[in-house]
Amino acid sequence: MSQRCLRIVAQTRSQEQLENGMLRYEWVNGYARWLTGACGEARQKSEETLVFESRAVPEVSLADYVNTLWDSAVRCRMEDVEKCWHASFVLMSKMHKRIPELLTKYTAHRLVLTVFVLAMKLTTERPLSNKISSKYGGVMLPNLNSMEHVLLRLMDFDVFIHKAAYDQAFNLLKVPSPTKRRLTSALSFAHGSTAAVAVR
């Protein structure tokens, strides 16, 4: 292959990577905005749901938290990461319609993690283990296991995702074309750390 052809291929790949990064940036921030708008202020009153509640509102933003989990899945070579996150939004929306009082500013991060774990097990043959997910999600493994079991019970194990709802998951959260500032942010998180963040 000539040098000119190699340059064209490299440029095409770079453009594809940039476009994929921008789509992810838009989607993650759309998801974070939806979560923020849906969050309540009240503390949990049920002993069963206290497992989802942090002692204080986590300092890390919801968008940064989603990006940390997303990067951990990519770093661990998990397949169908985008598919998993689309399913996560559908499940989160479904959960919120059934038990809206569960999603608050104190529970949002832990619910994002728990729903992500459930979505992985529904959409990929090789999901991350709960041990790895708890590490990157910033919670203890027993707590994540408990949250998963409690959420399934609260939803009556109804985690079926209709195709129409899944197909709408991306477009529903899409935002207008990114500005130059958003482009810079997208490029920065693409090379960021996947260090665990605590949501205790």
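Residues numbered from 1 in each chain as written. Predicted model: local features only at pLDDT ≥ 70, side-chain atom pairs only at ≥ 80, totals over all residues. Heavy atoms only, no water.

**What about the packing of helix α4 (residues 108-123) against helix α5 (residues 130-137)?**
Reasoning step 1: Viewed as axis vectors pointing N to C, α4 and α5 meet at an angle of 150 degrees, and their least axial separation amounts to 11 Å. If you check the angle between α4 and α5, you find them roughly antiparallel. By crossing handedness, the relation of α4 to α5 is classed as right-handed. Side by side, α4 and α5 meet where Leu113, Val117, Met120 and Lys121 of the first sit next to Asn130, Ser133 and Gly137 of the second.
Reasoning step 2: A breakdown of the residues in the contact of α4 with α5 according to their chemical character gives three nonpolar, three polar and one charged. (Axes fitted to C-alpha atoms, helices over the stretch in contact; angles between N-to-C directions. Helix = DSSP H or I, 4+ residues; strand = E, 2+ residues; numbered from the N terminus. Parallel < 35°, antiparallel > 145°, perpendicular 65-115°, else oblique. Left-handed = near helix turned anticlockwise from the far one by under 90°. Contact = heavy atoms within 4.5 Å. Nonpolar A, V, L, I, M, F, W, Y, C, P; charged D, E, K, R; others polar.)

**Structural notes on the environment of Lys94**
Reasoning step 1: Examined against the element boundaries, Lys94 turns out to sit in helix α3 (residues 81-98).
Reasoning step 2: For the pair Lys94 and Phe160, spaced 66 residues apart in the sequence, the C-alpha separation amounts to 9.8 Å.

**Here's the deal with the side chain of Ser134**
Reasoning step 1: Relative to the assigned elements, Ser134 resides in helix α5.
Reasoning step 2: Classification of Ser134 by relative accessible area gives buried; the value is 5%.
Reasoning step 3: A polar side-chain atom of Ser134 sits 2.8 Å from the main-chain carbonyl oxygen of Lys131.
Reasoning step 4: The residues contacting Ser134, other than those within four sequence positions of it, are Val139, Met140, Leu141 and Leu144. (Buried < 20%, exposed > 50% of the residue type's maximum accessible area, 1.4 Å probe, protein only. Polar contact = N/O pair within 3.5 Å; in protein donor to acceptor, adjacent residues only side chain to side chain.)

**Considerations on helix α6 (residues 141-154)**
Reasoning step 1: With 14 residues, α6 should reach 20 Å at 1.5 Å per residue; the first-to-last C-alpha distance of 20 Å fits that figure.
Reasoning step 2: Among the residues of α6, those classed as buried are Leu144, Met147, Glu148, Val150, Leu151 and Leu152.
Reasoning step 3: Once α6 finishes, Asp156 follows within two positions and takes phi at roughly 55 degrees, a positive value. (Expected span 1.5 Å × (residues − 1).)

**What about the packing of aromatic side chains?**
Describing an aromatic ring pair means giving the distance of the ring centres and the angle of the ring planes.
Reasoning step 1: Applying the stated criterion across every chain, the model contains seven aromatic pairs.
Reasoning step 2: With a centroid separation of 6.3 Å and 70 degrees between ring planes, the pair formed by Trp27 and Trp70 is classed as edge-to-face. With Trp27 in helix α1 (residues 3-38) and Trp70 in helix α2 (residues 62-75), this residue pair connects regions lying 43 residues apart in the sequence. Like Trp27, the residue Trp70 is buried in the burial classification.
Reasoning step 3: Against the face of Tyr106 rests Arg43, its NZ or CZ located 3.7 Å from the ring centre.
Reasoning step 4: Above the face of the Tyr136 ring, Lys135 is positioned so that its terminal group lies 5.5 Å from the ring centre. (Phe/Tyr/Trp six-rings, centres within 6.5 Å; stacked < 30°, edge-to-face > 60°. Lys NZ or Arg CZ within 6 Å of the ring centre and 35° of its normal.)

**Observations concerning the confidence of the model for the chain**
The predicted coordinates ought not to be read in detail in places where the model reports low pLDDT.
Reasoning step 1: Residues with a pLDDT of 70 or more make up 72% of the chain, whose mean pLDDT is 78.
Reasoning step 2: The secondary structure element of the chain with the lowest average pLDDT is helix α8 (residues 180-190), at 37, and the one with the highest is α6, at 95.
Reasoning step 3: A low-confidence stretch, residues 175-195 (pLDDT under 50), is modelled with 30 contacts involving residues beyond four sequence positions or located in other chains. (pLDDT = per-residue confidence, 0-100.)

**Some thoughts on α3**
Reasoning step 1: For α3, spanning 18 residues, the distance from its first C-alpha to its last is 26 Å, which sits close to the expected 26 Å at 1.5 Å a residue.
Reasoning step 2: Taking burial as the measure, the 18 residues of α3 include 13 buried ones, the bulk of the element.

**A short note on the pattern of salt bridges**
Reasoning step 1: For the structure on display, the rule yields eight salt bridges.
Reasoning step 2: In this structure, the salt-bridge partner of Asp71 is Arg24, at a minimum N-O distance of 2.9 Å. With Asp71 in helix α2 and Arg24 in helix α1, this residue pair connects regions lying 47 residues apart in the sequence. Each member of the pair, Asp71 as well as Arg24, is classed as buried.
Reasoning step 3: The shortest N-O distance in the salt bridge between Glu41 and Lys105 comes to 2.7 Å. (Salt bridge = Lys/Arg side-chain N within 4 Å of Asp/Glu carboxyl O.)

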